[in-house]
Amino acid sequence: MKPDNDDLLDKLVPPLIRDLKPYHVPASRGMVKLDAMENPYQLPPALREAWLAALGSASINRYPDPGADELRQRIRRVFTVPDDSDIVLGNGSDELIQMLALLVGGPGRTFMAPAPSFSMYEMISLFTGTGFRMVPLKEDFSMDGEAMLDAIRESQPSCIFLAYPNNPTGNSFDDGIIGQIITEAPGLVVVDEAYFSFSGRTFLGRLPEARNLMVMRTLSKSGLAGLRLGMLMGDPAWIAQLDKVRLPYNINCLTQAGASFCLDHYDVLETQGATIRADREALFRQLDGISGVRAYPSDANFILVRLAVDATRVFEELKQRGVLVKNLHQPGGVLENCLRITVGAADENSALVSALMDMLGARAA
Ligand SMILES: *Cc1c(COP(=O)(O)O)cnc(C)c1O
């Protein structure tokens, strides 16, 4: 019989990785999927055909263009990246965060972010041996400027991540405070604009004046989560260093061809984004009208709600009714009894609201 590997794993795998919980993705087949901030819409059928044709002519027998130059040109044009800034691409922005950790993280270094925020900042810091400092948001989820600046002075982070708007709270931090952080930070400041399609707010225009600022975007939330394409924009000197820790062919040829095609038809994704923004406002009013539900205003394609009852019970019952949302509840934490709900298609949003109304009832007028 083959002996088990426990002793070898104990000897060879660093304890901090053995103790790590893997990133959990719940089963979602056949469910109304409102847990992962995906765009609920496909490309229109005619465009899908043309997209297939574009993929069909990709040379999958060859290695992809290592620099993805044509794709980066399109990104520059569609997102109006300043001329004197450069772009590096990642297999999702997750990979870009990992590249930043390889470049300016590691033992003896510290990354920083407000809390609660996007979980990958902490996860990647952990498994690259980078210290991670969290600075609590205020009770209304705005950023505590004083606390951030104090923590920066104390911990001297080599990289600070500011999700703008923030996940999972949905609000955009104050521009003035972010500006101050960029000025006072001893290292890089990455403004993560994953939800730009829904907020319309950006720090791209500040790249030319701030040498330590980088702006991160992704196509995931705009309708192409399956492609895995993230982009990081900043001073060409930084991009040149990041390019050295990027694996040579990290953006495969189907992603390059598929994303290029979609950027040539980006108006279609923008129209879908406008629909989602309008539906977000409708969903916000409906959620806020349910008894025992408090909805927080959002600049993104999701809405954070706090329940007056046990959120885990509501989460489980929603799941039984075929609606999957994200349960953020931690007893005694700042997200106690909170759920994060992605804005879906109109019928999906209605299914969620009806289920919640059924369980909780309408708010007394
Ligand atoms: C979803 C999300 C991302 C992940 O982007 P990928 O490109 O899919 O890896 C990055 N940042 C924030 C704040 C997010 O919410």
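Residues numbered from 1 in each chain as written. Predicted model: local features only at pLDDT ≥ 70, side-chain atom pairs only at ≥ 80, totals over all residues. Heavy atoms only, no water.

Caption draft 1: Region of interest: the packing of aromatic side chains. If you walk through the whole model with that rule in mind, you get eight aromatic pairs. Between phenylalanine 111 and phenylalanine 161, the ring centres sit 5.7 Å apart and the planes meet at 65°, which makes this aromatic pair edge-to-face. Taken together, the residues phenylalanine 111 in strand E3 (residues 110–115) and phenylalanine 161 in strand E5 (residues 159–163) connect sequence positions 50 residues apart. As far as burial versus exposure is concerned, phenylalanine 111 and phenylalanine 161 are alike and both buried. Between the aromatic rings of tyrosine 121 and phenylalanine 161, the centroid separation amounts to 4.6 Å while the plane-to-plane angle is 10°, which identifies the pairing as stacked. Placement of the pair is tyrosine 121 in helix H6 (residues 119–127) and phenylalanine 161 in strand E5, with a sequence separation of 40 residues. Each member of the pair tyrosine 121 and phenylalanine 161 is classed as buried. (Phe/Tyr/Trp six-rings, centres within 6.5 Å; stacked < 30°, edge-to-face > 60°. Helix = DSSP H or I, 4+ residues; strand = E, 2+ residues; numbered from the N terminus. Buried < 20%, exposed > 50% of the residue type's maximum accessible area, 1.4 Å probe, protein only.)

Caption draft 2: Geometry of the sheet that holds strand E13 (residues 338–342). The strand order E9-E10-E13-E12 describes an open sheet built from four strands, whose pairing is antiparallel. Lying at the two open borders of the sheet, with one neighbouring strand each, are strand E9 (293–295) and strand E12 (326–327). The pairing of E12 with E13 spans two bridges and is classified as antiparallel. The partner of lysine 326 across the bridge, within E13, is arginine 340. Against the sheet, helix H13 (residues 266–288) contacts E9, strand E10 (302–307) and E13, and its axis sits at roughly 150° relative to E9. (Pairing = 2+ DSSP bridges. Contact = heavy atoms within 4.5 Å. Axes fitted to C-alpha atoms, helices over the stretch in contact; angles between N-to-C directions.)

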